[in-house]
Amino acid sequence: MSMLGIRNLGKTYSGPDGPVRALDGLSMQVSAGEFVAVQGPSGCGKTTLLLTAGGLLDPDDGDVAIDGTNPYGLSPEKRACFRAAEIGFVFQQFHLIPYLNVIDNVLAPSLALPSRDALERTMELIERFGMTGRAHHVPSELSTGERQRVALARALLNRPRMLLADEPTGNLDSVNSQTVLGSLAEFAAEGGVVLLVTHDVETAGAAGRIVQMDSGKLLDDVKAVREPPLPPTAG
Ligand SMILES: Nc1ncnc2c1ncn2[C@@H]1O[C@H](COP(=O)(O)OP(=O)(O)OP(=O)(O)O)[C@@H](O)[C@H]1O
Ligand SMILES: [Mg+2]
């Protein structure tokens, strides 16, 4: 069974110039152990896809199943607990808590899901991402790339089964990009699901499977509609 199953997702935002169709009948299945990149241009709906896939934004149409559970079928409280246990998010804008230092930002998800080794794991993750020397600084004192690494450490704290990463290397130099992409690959190799969205072809290349997206659709799906399958060949 797939860890992440998305079927026919549709999402329309209302904007000042009329409705914006951000997701337009998008379907995909991701199995445990897979590292999938969705690559597409700015505005094609990548962030909207991650938010809906992760139980943060209820789609207008279609279904999301995470390990068989529809997050939108849960009460808001249960959905929050489910997300804290199952999903790590790396947001495009990081969403770090401005008045907490690096340690407390990484530790924050343990408030939703307490664990005995949370502080030890926090320090391990901070070290893994080369942030030990900055551990007592608040986000405004960090470079953008450092903030991004803190966001990834935070996403990993609760040992989620699925990582959703929105342009996780968008602000990193090549050494730090390799660290982050290597961590995502390792997470998948250990049986997790990684869904990364990016406009960058090179970043997408780090994934085991690459899916192109445009105008709220996966291009694979568009192709499947345009080109009917070949008839079976005789013999
Ligand atoms: N809250 C919102 N209200 C209205 N329109 C929105 C909202 N959020 C996104 N949109 C629009 O929906 C479309 C998809 O947005 P989304 O943020 O998912 O794209 P994206 O692929 O992540 O882009 P980028 O690569 O620039 O981050 C865009 O046209 C965007 O302007
Ligand atoms: Mg985006």
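Residues numbered from 1 in each chain as written. Chains lettered and ligands numbered in written order. Predicted model: local features only at pLDDT ≥ 70, side-chain atom pairs only at ≥ 80, totals over all residues. Heavy atoms only, no water.

**Q** What's the story with the coordination of the magnesium ion (ligand 2) in this structure? I'm lost.
**A** Any two of four tetrahedral donors ideally make an angle of 109.5 degrees at the metal, while pairs among six octahedral donors ideally make 90 or 180 degrees. Within the protein, the atoms that donate to the magnesium ion (ligand 2) are Thr47 (OG1) and Gln92 (OE1), at distances of 2.0 to 2.4 Å. Of the two residues, threonine 47 sits in helix 1 (residues 46–53) while glutamine 92 sits in the loop between strand 5 (87–90) and helix 3 (102–107), which places them 45 residues apart along the sequence. Note on threonine 47: relative accessible area 30%, which makes it partly exposed. By relative accessible area, glutamine 92 is classed as partly exposed at 34%. (Donors = N, O, S within 2.8 Å, 3.2 Å for Na, K, Ca; no water. Helix = DSSP H or I, 4+ residues; strand = E, 2+ residues; numbered from the N terminus. Buried < 20%, exposed > 50% of the residue type's maximum accessible area, 1.4 Å probe, protein only.)

**Q** Any chance you could explain the layout of surface pockets here in plain terms?
**A** To find leftover empty space, one rolls a probe the size of a water molecule over the atoms. Here the largest pocket is characterised by a volume of approximately 340 Å³. For the largest pocket, the lining is made up of 16 residues, of which Arg83, Ala84, Ile87, Phe89 and Pro109 are closest to its centre. Elements with a contribution of two residues or more to the lining of the largest pocket: helix 2 (76–86), strand 5, helix 4 (109–112) and helix 6 (144–156). Taken together, the residues that form the lining of the largest pocket break down as eleven nonpolar, three polar and two charged. (1 Å grid on protein atoms, 1.4 Å probe; cavity = no way out; pocket = protein on both sides within 12 Å on 5 of 7 lines; lining within 4 Å. Points joined across faces, edges and corners; volume = space filled by probe spheres on them. Nonpolar A, V, L, I, M, F, W, Y, C, P; charged D, E, K, R; others polar.)

**Q** Please clarify how the sheet that holds strand 4 (residues 61–66) should be interpreted in this entry.
**A** What links the strands of a sheet is backbone hydrogen bonding, and the strands pair in either a parallel or an antiparallel sense. Strand order across the open sheet formed by three strands is 2-1-4, with antiparallel pairing between neighbours. If you trace the sheet from one side to the other, it starts and ends with strand 2 (18–30) and strand 4, each paired once. The mean angle between the axes of side-by-side strands here comes to 25°, regardless of whether they run parallel or antiparallel. By the bridge criterion, five bridges tie strand 1 (residues 4–15) to strand 4 in an arrangement that is antiparallel. (Pairing = 2+ DSSP bridges. Axes fitted to C-alpha atoms, helices over the stretch in contact; angles between N-to-C directions.)

**Q** Teacher, can you tell me more about the packing of helix 6 against helix 7 (residues 174–189) here?
**A** Two measures define how a pair of helices packs: the angle their axes make with one another and the distance between the axes. Across the interface, helix 6 lies against helix 7 with an axial gap of 11 Å and an inter-helix angle of 15°. Judged on the interaxial angle alone, helix 7 and helix 6 are roughly parallel. Taken as a pair, helix 6 and helix 7 cross one another with a handedness that is left-handed. On helix 7, the residues that touch Arg149, Leu152 and Leu156 of helix 6 are Asn176, Val180, Ser183, Leu184 and Phe187. Classifying every residue of the contact of helix 6 with helix 7 by side-chain character gives five nonpolar, two polar and one charged. (Parallel < 35°, antiparallel > 145°, perpendicular 65-115°, else oblique. Left-handed = near helix turned anticlockwise from the far one by under 90°. Contact = heavy atoms within 4.5 Å.)

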